[in-house]
Amino acid sequence: MNLADLNKVARAVVAPGKGLLAADESTGTIKKRFDAINVASTEESRRDYREMLFRSSEAMNRYISGVILYDETFWQKAEDGTPLVKLIEQSGAIPGIKVDEGTQALPACPGELVTVGLDKLAERLKKYYEGGARFAKWRAVIDIGPQIPTMTAIRVNAHALARYAALCQAAQIVPIVEPEVLMDGDHDIDRCYEVTQRVLNKTFQELRVQRVALEGMILKPNMAIPGKKSAKQVSAEEIAEKTVRLLKNCVPAAVPGIAFLSGGQSDEEATAHLNAMNRIGGLPWPLTFSYGRALQAAPQKAWAGKAGNVAAGQRAFTHRARMNSLASKGEWQADLEKKAA
Ligand code: 5MM
């Protein structure tokens, strides 16, 4: 492992004013997104859609540091025959790859999941590196309910995240470590804080046990946020203040950066929360975005599967990328959204 090179890539991922585009929806998830805009999900439509995003030159060049890809996309070619990975590289962004293989039910833990995909991961990483991937992503999913999460679910998922991260670094690929505490329930922000704290503490404990070099990784966490069905919704300032306090308590300063998931927040909420955190300032790591839905909902709607809408889709994507870039510097303002409408 060359730690200096891993650290260089990790720092590039969180370069000032830039963040990640999470375009790694598996085939089932992208079908759900396309169903919502009445587009048939085929290999070609998935390619056309993602090619539209990666050819958004202003967004890709100025606001996006890297793109997380799904295996199918990683090996696909644009309509003119250029590999999509090359398109991303030509735009100045770094190609990355989702390497987990989804979740399975966790035995003896009703309602809980464990992320799988460690088998043959070393071989797969070697191929992805040769294909141009310089970072990877693995997502663990932790749900909150009356009896969950169990310590069992937290431990097995943290163990798998650390196994993945160690294998990535051995393959000279920066691991993005994503332990996602879902915001689907009716829990309040303090319950999210408490669960996320347990999850992050266990994850960093496992990363240390498995000798992962913290300088060569990126953390992709959820924010401390109330569940979507919670009766106690709170201000952006409270979410920012509690998330920053949580991270300061759990994330070592050696980690080069933190890139949040959006987790089902609306586009503007995800931007406003990131902005409010960066307004607090004085943090040991850059805080940026690694959004899937919060970057893509608007371009998906504008594109709607029609070749004639490609320019509109790219405008919508560029707008969200710019808003999040501003938020990563604490320079976003709500009226910038209206001006663009
Ligand atoms: C883009 O969505 C990613 C893939 O999801 P599936 O494996 O379920 O298809 C997902 O891992 C994503 O990278 C993160 O959850 C962040 O995305 P959001 O939409 O929460 O910002």
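Small disclaimer: the values here were computed from a predicted structure and weren't measured.

Structural notes on the packing of helix H11 (residues 267-280) against helix H13 (residues 310-327)
Then, number 1: At their nearest, the axes of H11 and H13 sit 8 Å apart, and the two run at 20° to each other. For the element pair H11 / H13, the angle class is roughly parallel. Across the interface between the two elements, Asp267, Glu268, Ala270, Thr271, Leu274, Asn275 and Asn278 from H11 touch Arg320, Met323, Asn324, Leu326 and Ala327 from H13.
Then, number 2: For the contact of H11 with H13, a count of residues per class yields five nonpolar, four polar and three charged.

Here we look at the nonpolar core
Then, number 1: By size, the foremost hydrophobic cluster in this structure holds 98 residues, and its most contacted members are Phe54, Tyr164 and Leu287.
Then, number 2: Take this core: its biggest share by element is seven residues, from helix H8 (residues 151-170).
Then, number 3: Sequence-distant contacts of phenylalanine 54, defined by excluding residues within four places in its chain, comprise Leu21, Ala23, Met60, Val67, Leu69, Thr73, Leu84, Leu87 and Ile88.
Then, number 4: If you look at the next biggest cluster of nonpolar residues, it comprises six residues, including Ile144, Ile154, Val181 and Val195.

Topic: the site of the ligand
Then, number 1: Around the ligand there are 17 residues in total, and Ser26, Thr29, Lys137, Ser262 and Gly263 lie nearest to it.
Then, number 2: Side-chain polar atom of serine 26 to an oxygen atom of the ligand: 2.7 Å apart, as the coordinates give it.
Then, number 3: Measuring from an oxygen atom of the ligand, one finds a side-chain N or O atom of lysine 220 at 3.2 Å.
Then, number 4: Considered on its own, the ligand offers 500 Å² of accessible surface; in the complex 89% of this is hidden by protein.
Then, number 5: Residue composition of the shell around the ligand, by class: three nonpolar, five polar and nine charged.

Concerning the pairing of strand E1 (residues 19-23)
Then, number 1: Of all five residues making up E1, five are buried, and the element is well covered by its neighbours.
Then, number 2: The sheet contact formed by E1 and strand E2 (residues 64-69) spans five bridges and is parallel. By the bridge assignment for E2, leucine 21 is matched with valine 67.

Comments concerning the pattern of salt bridges
Then, number 1: Enumeration over the complete set of coordinates arrives at 25 salt bridges.
Then, number 2: With a shortest N-O distance of 3.1 Å, glutamate 178 and lysine 137 are connected by a salt bridge. Remark: lysine 137 occurs in strand E6 (residues 135-142) and glutamate 178 occurs in strand E7 (residues 174-181); sequence separation between them is 41 residues. Comparing glutamate 178 with lysine 137 shows no difference in burial state: the two are buried.
Then, number 3: For the salt bridge of glutamate 337 with arginine 320, the shortest nitrogen-to-oxygen distance reads 2.7 Å. You can see glutamate 337 sitting in helix H14 (residues 335-340) and its partner arginine 320 sitting in helix H13, a full 17 residues away along the chain.

Focus on the environment of isoleucine 176
Then, number 1: With respect to the helices and strands, the residue isoleucine 176 is situated in strand E7.
Then, number 2: The exposure class of isoleucine 176 is buried, given its relative accessible area of 1%.
Then, number 3: Linking isoleucine 176 and threonine 42, residues 134 residues apart in sequence, is a C-alpha distance of 28 Å.
Then, number 4: Leaving out residues up to four positions away in the same chain, isoleucine 176 has contacts with Leu20, Phe135, Ala136, Lys137, Trp138, Tyr164, Ile218 and Lys220.

Parameters at a glance
Residues numbered from 1 in each chain as written. Predicted model: local features only at pLDDT ≥ 70, side-chain atom pairs only at ≥ 80, totals over all residues. Heavy atoms only, no water. Axes fitted to C-alpha atoms, helices over the stretch in contact; angles between N-to-C directions. Helix = DSSP H or I, 4+ residues; strand = E, 2+ residues; numbered from the N terminus. Parallel < 35°, antiparallel > 145°, perpendicular 65-115°, else oblique. Contact = heavy atoms within 4.5 Å. Nonpolar A, V, L, I, M, F, W, Y, C, P; charged D, E, K, R; others polar. Core = buried A, V, L, I, M, F, W, Y, C linked by side-chain atoms within 4.5 Å. Buried < 20%, exposed > 50% of the residue type's maximum accessible area, 1.4 Å probe, protein only. Near = heavy atom within 4 Å. Polar contact = N/O pair within 3.5 Å; in protein donor to acceptor, adjacent residues only side chain to side chain. Areas by Shrake-Rupley, 256 points an atom, 1.4 Å probe, with all protein chains shown as cover. Pairing = 2+ DSSP bridges. Salt bridge = Lys/Arg side-chain N within 4 Å of Asp/Glu carboxyl O.

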